[in-house]
Structures are given as C-alpha cells and as structure tokens.
Amino acid sequence: MRTTTGAWRPFTTAISRPSPTGLTHVKHRVALSTYGCHRGTIASPTPHITPQTLGRRSFAMDAKPASMPKLLYGTAWKKDATADLVLLALKAGFRGIDTAAQPRHYKEPLVGAAVKQAILSGTVARGDLFIQTKFTSVRGQDPDDLPYDPNALLEDQVHASVASSLKNFRHADSEEPYIDSLVLHSPMDTVADTAKVWKTLETYVPQKIRQLGISNTPLQVVDYLCTSPDITVRPAVVQNRFYPATRWEVALRAYCREKGIAFQTFWTLSGNPQLLKSEPVRKLAAQTNVEAPIALYALVLGLQGTAVLDGTTDETHMRDDLKGIETVNEYAQSGQGQADWSAMLQGFKKLIGEV
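Residues numbered from 1 in each chain as written. Predicted model: local features only at pLDDT ≥ 70, side-chain atom pairs only at ≥ 80, totals over all residues. Heavy atoms only, no water.

Colleague: In this structure, what is going on with the overall build of the protein chain? I would like to understand it.
Modeller: For the protein chain, the count of helices and strands is 12 helices and eight strands. Counting over 355 residues, the protein chain shows a buried share of 58%. Taking contacts inside the protein chain between residues at least 6 apart in sequence as the whole, the part at least 24 apart equals 79%. Carbon together with sulfur atoms contributes 50% to the accessible area of the protein chain, which is approximately 14200 Å² in total. (Helix = DSSP H or I, 4+ residues; strand = E, 2+ residues; numbered from the N terminus. Buried < 20%, exposed > 50% of the residue type's maximum accessible area, 1.4 Å probe, protein only. Contact = heavy atoms within 4.5 Å. Areas by Shrake-Rupley, 256 points an atom, 1.4 Å probe, with all protein chains shown as cover.)

The following block contains the structure:
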C-alpha cells in the first residue's frame, strides 16, 4: 500500500494510508440541526493553499500562520516502530507530521522523540517543521490509557491533553515547545461541548498553538465554527476521508476553499481502488513516469486547497512520493504538459462529481 503529502503551485499535495487519523469508524454522532448552520451558495474557490490564504483568514486575531507542506507524514498505527519511521520520514524530506494524543492508535511520545532526535542531530530545524496533533474525546480513547482523567471536567481534559502534547514536543530546555496545528479529532456529541472544547483550545492560540482545525466532520460543523459569533479562532484545517461514501467531500471542500481552510485528505489510496485504476490516473502516471498512487495524490492536490496524509512505512516510497509529486508539478507547468494536465485534471473532477 502506498501514500503521499504537500502544497504548491498548480496543485497541492499530501499522502494517505489506511486511516492515518485513527478514527476510521467513528460516525458523526452530533445533532447537526442544532448547529443552526448557514447553507448559502458556495463562492468561487481560492486558487492555492499559501501561508497568506490560510493564515489571515484562520484567526480573528493577528497571528502568524503555520506553513503546511503538501504531504504530511501520518503516524497512526505505527506502534513501537513509530520513532524509527518518523525519523526515516524526516530524513527522506517530509516536513509535516500528523499525530494525536490518542494512545489507542498513536504513539505521540515516540513521534516527539524522533522529532527531537532529528532536530538535535541537525537533520531539520524546528522552524522548518509543521507538527500537527489532536485532542481526542473520551469516546475515541482507550479507557485504560488516556492522556487525561476521563472523569475530569471537559475543559480540564483539554488542558491535560494539550499539556501532554507540549511535553512530548519539547526538544530543548531553553526553548518553549509549541504545536503548529491542533485538530479536534471529531465533533463532540453536542454543540455546547464542541464549543467548550474549541474555546478552551483558543486560549493557547497563538503562543502555544499556532492554529486550530477539526477532523471527521460534516460541513455543518465547519460552518458553525466559521460563522458563530462565539468562536474567536476560526478553523484553519479540516481533515476528512476522501472516498466514495462521502462523495469525496465535494461540497465541504468547496466551502473550505471559499473560507481559506486547508482540506487534508486521508484514505486517499485505500479508499479509492477504482480511482487508482481510472484513466486520468493511469495516463498521468504514464506521462510522468511515476507510480499510480503518486499520480492519484497529484490529482487530489490539483483540486486545490488540499493536502494529503501519507503513512507509508517504506523508506523508498517516502522518497519516491516526495520526488514524484515534484515531478508531476514540473510537468504540469511545462509547455508540453500544461494542456494534458488540465485535461486529465478535468477528467478526474468528472469522476468524483466535481464538475
């Protein structure tokens, strides 16, 4: 199984393996009607993910946005191999890391240990990394292994989870740790609890946490976070599955582009066996001499405003994914490739119902 990540000029990129978020089977168990969401016309999409389009619309305050790569290395399900694999990914060139304070599916302390080793060895500087973690509610946790007291007040659960993540990503005593992006792993069961968690997370922005996001979410919840007068820090990231059962989130992705929100895809490969065999993917792979998974990632990035989670455990694939995305990028900008790229991207959009 293969995967990839990223963000750039003709298209944006990312990598995905089976359920990098660790919440593969969690359903949206929130009463959407209670969010009082707006359902107006979606405006034209913004052209690209850039620090400018992401940042100044992400906060209702003056805060420097984090710079998000095209491909993010997904760390779910890596278990005791987590540290070794994260270190390999960093050495291969990944600069975005996705994890969670959810011991059931992630080993965040091992992710932090690998990041620290890479920084201290000179492989990478902290300022060049985009580190993203998550707050996971009690229902998504192993009841015997949580980063907080499940009987504590909800706000205290959030504080304890954030404290554990900051501790895991401290790489030097002389420097205060920070997190580039903290994602609510899924909406809470009620509007009130979702708002309570979000408002608690807001207290860390921008000093300890640069931006906030949400995962495993329907459009109505994102709209609530973008329009409610009670919300101060607007979401900068949405991370959802990209697969047929959600119709590839066409409406939600359009909304995110309108709002300048980055859309991170997962299940990009494992959820799309038919797309991997599709004509646009096969043609792009042949034209650019890359593997079909890389061609699929590139086309997903071509939808714009997107990034991909890549959870590959193969060192060669790590390097090939990153290099392959750049190869397709160069092809898409070349005089020879521009027209073909546009045609293949248009065909891909038709397959997923985007046009």
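Colleague: Even after reading the chapter, I still don't get unusual backbone geometry, so can you show me in this structure?
Modeller: A negative phi holds for most residues other than glycine; trans holds for most peptide bonds. The peptide bond linking V205 to P206 adopts the cis configuration, its omega dihedral lying at 5°. Among the secondary structure elements, P206 is positioned in the loop between α5 (191-202) and β5 (209-215). Of note, N289 is a non-glycine position whose phi angle comes to about 60°, a positive value. Within the fold, N289 resides in the loop between α9 (279-288) and α10 (292-302).

Colleague: Honestly, the pattern of salt bridges in this entry has me stumped. Any pointers?
Modeller: Between side chains of opposite charge, pairing is possible as soon as their charged atoms come close. If you walk through the whole model with that rule in mind, you get 10 salt bridges. For R139, the salt bridge is made with D189, and the minimal N-O distance between the two is 3.1 Å. Of the two residues, R139 is situated in the loop between β3 (130-135) and α4 (154-168) and D189 in the loop between β4 (179-184) and α5; the sequence distance between them amounts to 50 residues. For D189, a relative accessible area of 38% corresponds to the partly exposed category. Notably, a salt bridge pairs R319 with E315, separated by 3.6 Å at the nearest N-O pair. With R319 and E315 both in helix α11 (residues 315-333) and four residues apart, this pair spans about one turn of that helix. For R319, a relative accessible area of 39% gives the class partly exposed. For E315, a relative accessible area of 34% puts it in the partly exposed group. Each of R170, E176 and K208 takes part in one network of salt bridges that share partners. (Salt bridge = Lys/Arg side-chain N within 4 Å of Asp/Glu carboxyl O.)

Colleague: Can you walk me through the packing of aromatic side chains in this structure?
Modeller: Any aromatic ring pair is given by two values, namely how distant the centres are and how the planes are angled relative to each other. On inspection of all chains with the given rule, the structure shows three aromatic pairs. The ring of Y178 carries R210 above its face, with NZ or CZ at 4.0 Å from the centroid. In this arrangement the basic side chain of R241 is found over the ring face of W267, its NZ or CZ atom lying 5.4 Å from the centre. (Phe/Tyr/Trp six-rings, centres within 6.5 Å; stacked < 30°, edge-to-face > 60°. Lys NZ or Arg CZ within 6 Å of the ring centre and 35° of its normal.)

Colleague: Explanation requested: the environment of Q220 in the structure shown.
Modeller: Structurally, Q220 can be placed in helix α6 (residues 219-227). Residue Q220 is classed as buried on the basis of its relative accessible area, which comes to 15%. In this structure, the C-alpha to C-alpha distance between Q220 and L252, residues 32 residues apart in sequence, is 8.9 Å.

Colleague: What is the right way to read the side chain of Q141 from this model?
Modeller: Its location among the elements puts Q141 in the loop between β3 and α4. On the accessibility criterion, Q141 (2% relative accessible area) is buried. Here T136 takes part through its backbone oxygen, which lies 3.1 Å from a polar atom of the side chain of Q141. When residues no more than four places from it in sequence are discounted, the contact partners of Q141 are A101, Q102, P103, R104, T136, L146, P147 and Y148. (Polar contact = N/O pair within 3.5 Å; in protein donor to acceptor, adjacent residues only side chain to side chain.)

Colleague: What is the right way to look at the packing of helix α2 (residues 82-92) against helix α3 (residues 108-120) in this model?
Modeller: Angle between the axes and distance between the axes: these two values describe a pair of packed helices. Two elements in contact, α2 and α3, have axes separated by 8 Å at closest approach and are oriented at 40°. By the angle between their axes, α2 is oblique relative to α3. Crossing geometry of α2 relative to α3 is assigned as right-handed. On the side of α2, the interface is formed by T82, A83, V86, L87 and L90, while α3 contributes L110, V111, A114, V115, Q117 and A118. Taken together, the residues of the contact of α2 with α3 break down into nine nonpolar, two polar and no charged. (Axes fitted to C-alpha atoms, helices over the stretch in contact; angles between N-to-C directions. Parallel < 35°, antiparallel > 145°, perpendicular 65-115°, else oblique. Left-handed = near helix turned anticlockwise from the far one by under 90°. Nonpolar A, V, L, I, M, F, W, Y, C, P; charged D, E, K, R; others polar.)

Colleague: Please explain the packing of α2 against α11 as it appears in this structure.
Modeller: Running from amino to carboxyl end, α2 crosses α11 at an angle of 35°, the nearest separation of the two axes being 9 Å. Our pair here, α2 against α11, has a crossing hand that is right-handed. Every residue of α11 that contacts α2 at L85, L88, A89, K91 and A92 is listed here: E315, M318, R319 and L322. Its residues assigned to classes, the contact of α2 with α11 comprises six nonpolar, no polar and three charged.

Colleague: What is the right way to look at the confidence of the model for the protein chain in this model?
Modeller: The predicted coordinates of low-pLDDT regions are not to be read in fine detail. Considering every residue of the protein chain, the mean pLDDT works out to 86; 81% of them sit at 70 or more. Throughout residues 3-34 the model reports pLDDT below 50, and contacts reaching past four residues in sequence, or to other chains, amount to 189 contacts. (pLDDT = per-residue confidence, 0-100.)

Colleague: Honestly, the nonpolar core in this entry has me stumped. Any pointers?
Modeller: General note: in soluble globular proteins, nonpolar side chains tend to be found buried as a group. Core analysis: the biggest nonpolar cluster contains 47 residues, and Y73, V115, F242, L284 and F348 have the highest contact counts within it. Contributing elements (two or more residues each) for this core: β1 (71-74), α2, α3, α9, α10, α11 and α12 (338-351). With eight residues, the single largest contributor to this core is α10. Counting residues in each nonpolar core, the second largest holds 34 residues, with A195, V205, Y224 and L225 among its members. (Core = buried A, V, L, I, M, F, W, Y, C linked by side-chain atoms within 4.5 Å.)

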